[in-house]
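Chain by chain, the residues:
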Amino acid sequence: MTVLFGVFLLTLLVITALAVVQTRNLVVAVMLLGIFSLLLAINFFLLDAADVALTEAAVGAGISTVLFLGALALTSEHERKRPGRRWLSLLVVASAGLVVVYATFDKPRFGDPDAPVQRHIGPWYLEETAQDVDIPNVVTAVLGSFRAYDTLGEVFVVFTAGIGVLFMFSAPRPRSGNGSLSGSTSEQSGLQDELLLGVVGRLLVPFILLFGLYVQFHGEYGPGGGFQAGALIAAAFILYALVEGQQRALEALPRQALNALMIGGALLYGGVGIAGMLMGSNFLDYSVLSEDPIAGQKLGIILIEAGVGMTVSGVLLSVFHAFGARDRIR
Amino acid sequence: MNLLGLYNYWVFAVVLMIGFYAVVARTNLIKKLMGLSLFQAAVFLLYITMGKVSGGTAPILQKGVSDAVFSNPLPQVLILTAIVVGISTTALGLGIVVRIKEDYDSIDEKDIQEIDRQCPR
C-alpha cells in the first residue's frame, strides 16, 4: 500500500516538474515549484527521512517560494517565447536521460537491506550514536558530532551566500533604463487592507515561532535541529513582514540584529570547535567540554545547533529583506 | 514487482532531465534557476531513496527497542544540509538575476548577449 502511494506521489512529482518547465507564466511556475517541494517532502517522509522532509517543507515550499516571488516582483513575470534550437536540446536531454536510466538497472532494488550503501558506514553510526553521544536522533548526532566539520562548512556556505546577496544589493540601482523610479514605500504596507488574511496571518506567527523553537531544542530527540528551526523562524518573520509590511518587521527585528544573528551563529559554531581545542582535544570534539564525555557531546550539539539556527534564520531573513527593500523597475 | 523497485530511480532520472532541459533550452534566467532547483531536488530524491531500508523506520533510537530496523542516517544528513545550502545559492542566483535586470533591463539570455555584442565592455 505504501509502495503504491509512493508511486502515485512520484508520478505527481514528475507531472508537476513538467508543468513548471512548460508554463510561460513565471508566477504559476513558482507556485508549481512550491507544490513540487511539498510533494517531495511527503515522499521523503515515506522514505523514512523525517528530518529531511521537515527541511524540504519549510525551505522548499515556504522560503524558496517567497524568494522567487520577490525576484519576480523585481524583474518580470512573463517568459517570452523564443524560437530556438528546441529539438537539439531535447535530443541532448533525451540521450543523457537514457544513459541515466540505463545506469539505474545496476542499482540495488528499492529498500534492499543488503545494498552496499547500507553495509558500509551507516550501521556504524547507528551503533556508535547509542554509545558515544546517547541522543535518540541519529541524524542530529551524525550532523552535529560525527560529521561536524561538514556542517561547519555548510554553515559557512550559507553565511557566504547571505553576504553575497547583501553585497550585490549594496550597490545603488542604476538610473538608466526606461523605467522611472517610483520608489513608493507606501506600497509596502503589507496586507493591512485584507482583514481576514491579516488576522489569520497575525494569529499564526507566534505559533510558527513556538514550533520553530521546539524544533530547535527538541532536535536531539525527534526530527528537527538548527537547519529546520532556522528556516521555520525565518518563515514566521517573513509571514509577519507580509502581513504587517516590511517596515514593522524590521522594527521587530532590525538589520543589525539580523547581521548579529548571521555572524554570531557562525562564530558560536567555530568557537565551540576552538573551545574543544583549548581544552586539549581535537577541533569540534565535544567530549572534553564537560567532565562526562557524553554530557560534553550533548552540550556541544546543543550549542552548535543553536549556532546553525541563528545563522540560517539570519541569512534567510537578510536575503528576504534585501529583495523586499529593492526599488522596483517600472 | 522487481521493476517497480527501480521506479524511484527512474523518477530521479526524469526529473533530473526535466531540470536539465530547463537549463539548456530556456533563455529566461529565472526559468533556468528553477531548472537548477528541479535538478537539485532530483539528486535529493536519489540520495534519500538509496538510504531507505525495507520495513525500516526513521533513524530515531527508542529506549527499550532493540530489534528496530532503521534507514541509513548518512544520506539524510547530507541532503538535510544540501537543501539549506541549495536555497542559499538559489538566493544568490536570484540576486544576480535582479542585478542583471537592473543593468540590462532584461532577464533573457539572448537579449543580454545581443546587448553585450553591441557595446562590448
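This part is about the overall build of chain A. Across its full length, chain A carries 13 helices and 0 strands. Traced from its N-terminal end to its C-terminal end, chain A shows the element sequence α-α-α-α-α-α-α-α-α-α-α-α-α. Its C-alpha atoms give chain A principal-axis dimensions of about 65 × 50 × 40 Å. Sequence-distant contacts, at least 24 apart, represent 70% of the contacts inside chain A between residues at least 6 apart.

Another aspect to go through is the overall build of chain B. The secondary structure content of chain B amounts to 4 helices and 0 strands. Along the chain direction, N to C, the helices and strands of chain B fall in the order α-α-α-α. Rg of the C-alpha trace for chain B: 21 Å, well past the compact-globule value of 14 Å for 121 residues, more than 25% over. In terms of its C-alpha atoms, chain B occupies a principal-axis envelope of roughly 70 × 35 × 15 Å. Taking all 121 residues of chain B together, 58% fall into the buried category. The long-range fraction of contacts in chain B, counting pairs at least 24 apart against all pairs at least 6 apart in sequence, stands at 46%.

Take the interface of chain B and chain A next. Reports of interface size often rely on the accessible area that becomes lost once the parts have come together. Contact with chain B, which involves 76 residues of that partner, is made by 92 residues of chain A. Looking at the side of chain B that touches chain A, the elements with two or more residues in it are helix 1 (7-25), helix 2 (29-51) and helix 3 (73-104) of chain B. Considering every element that reaches the side of chain B that touches chain A, the biggest residue donor is helix 3 of chain B, with 25 residues. Looking at the side of chain B that touches chain A residue by residue, the class counts come to 46 nonpolar, 21 polar and 9 charged.

For the rest of this paragraph, the subject is the environment of B:T57. Relative to the helices and strands, B:T57 resides in the loop between helix 2 and helix 3. When the 14 C-beta atoms within 10 Å are taken as the criterion, B:T57 is described as partly exposed. In contact with B:T57, not counting residues within four places along its chain, are A:D48, B:A68, B:V69 and B:F70.

Moving on, we get to helix 7 (residues 138-146) of chain A. The buried fraction of helix 7 of chain A is high, at 9 of 9 residues. Along helix 7 of chain A, the residues classified as buried are A:V138, A:V139, A:T140, A:A141, A:V142, A:L143, A:G144, A:S145 and A:F146. Residues of helix 7 of chain A that are buried make contact with helix 3 (50-74), helix 6 (122-133), helix 8 (148-168) and helix 13 (293-325) of chain A together with helix 3 of chain B.

Another point: unusual backbone geometry. The phi dihedral of A:D134 falls on the positive side, at around 60°, and the residue is not glycine. Structurally, the position occupied by A:D134 is in the loop between helix 6 and helix 7. Of note in this structure, B:D105 is not a glycine but carries a positive phi near 60°. Secondary-structure assignment places B:D105 in the loop between helix 3 and helix 4 (109-118).

Core analysis: the biggest nonpolar cluster contains 127 residues, and A:I63, A:L67, A:A71, A:A231, B:V15 and B:L45 have the highest contact counts within it. With 14 residues, helix 3 of chain A is the single largest residue contributor to this core. Once residues within four sequence positions are removed from consideration, B:L45 is found in contact with A:L40, A:N43, B:N8, B:V11, B:F12 and B:V15.

To continue, consider helix 3 of chain A. Residue and element names in this part refer to chain A. The end-to-end C-alpha distance of helix 3, which contains 25 residues, comes to 35 Å, matching closely the 36 Å that a straight helix rising 1.5 Å per residue would cover. A bend of about 30° at S64 is the largest found in helix 3. Judged by how many residues are buried, helix 3 sits mostly within the fold: 21 of 25 residues are covered.

When two helices pack together, their arrangement is captured by the angle between the axes and the distance separating the axes. At a minimum axis distance of 9 Å, the contact between helix 8 of chain A and helix 3 of chain B shows a crossing angle of 15°. Overall, the two elements helix 8 of chain A and helix 3 of chain B adopt an arrangement that is roughly parallel. Here the hand of the crossing between helix 8 of chain A and helix 3 of chain B comes out left-handed. Contacts between helix 8 of chain A and helix 3 of chain B involve A:D150, A:T151, A:E154, A:V157, A:V158, A:A161, A:G162, A:G164, A:V165 and A:M168 on the former and, on the latter, B:T81, B:V84, B:V85, B:S88, B:T89, B:A91, B:L92, B:G95, B:I96 and B:R99. Looking at the contact of helix 8 of chain A with helix 3 of chain B residue by residue, the classes come out as 10 nonpolar, 7 polar and 3 charged.

As a further point, take the confidence of the model for chain B. Residue and element names in this part refer to chain B. On average, residues of chain B score 90 in pLDDT, and 97% of them are at 70 or above. At the level of individual helices and strands, chain B shows its lowest average pLDDT in helix 4, which scores 90, and its highest in helix 2, which scores 95. What the predictor reports for the complex is a pTM of 0.91 with an ipTM of 0.94.

Cut-offs applied
Residues numbered from 1 in each chain as written. Chains lettered and ligands numbered in written order. Predicted model: local features only at pLDDT ≥ 70, side-chain atom pairs only at ≥ 80, totals over all residues. Helix = DSSP H or I, 4+ residues; strand = E, 2+ residues; numbered from the N terminus. Contact = placed C-beta atoms within 7 Å. Rg over C-alpha atoms; globule rule 2.2 N^0.38 Å. Buried ≥ 20, exposed ≤ 12 C-beta atoms within 10 Å, placed from the backbone. Nonpolar A, V, L, I, M, F, W, Y, C, P; charged D, E, K, R; others polar. Core = buried A, V, L, I, M, F, W, Y, C linked by C-beta atoms within 7 Å. Expected span 1.5 Å × (residues − 1). Bend = angle between axes of the 7 residues up to and from the residue. Axes fitted to C-alpha atoms, helices over the stretch in contact; angles between N-to-C directions. Parallel < 35°, antiparallel > 145°, perpendicular 65-115°, else oblique. Left-handed = near helix turned anticlockwise from the far one by under 90°. pLDDT = per-residue confidence, 0-100.

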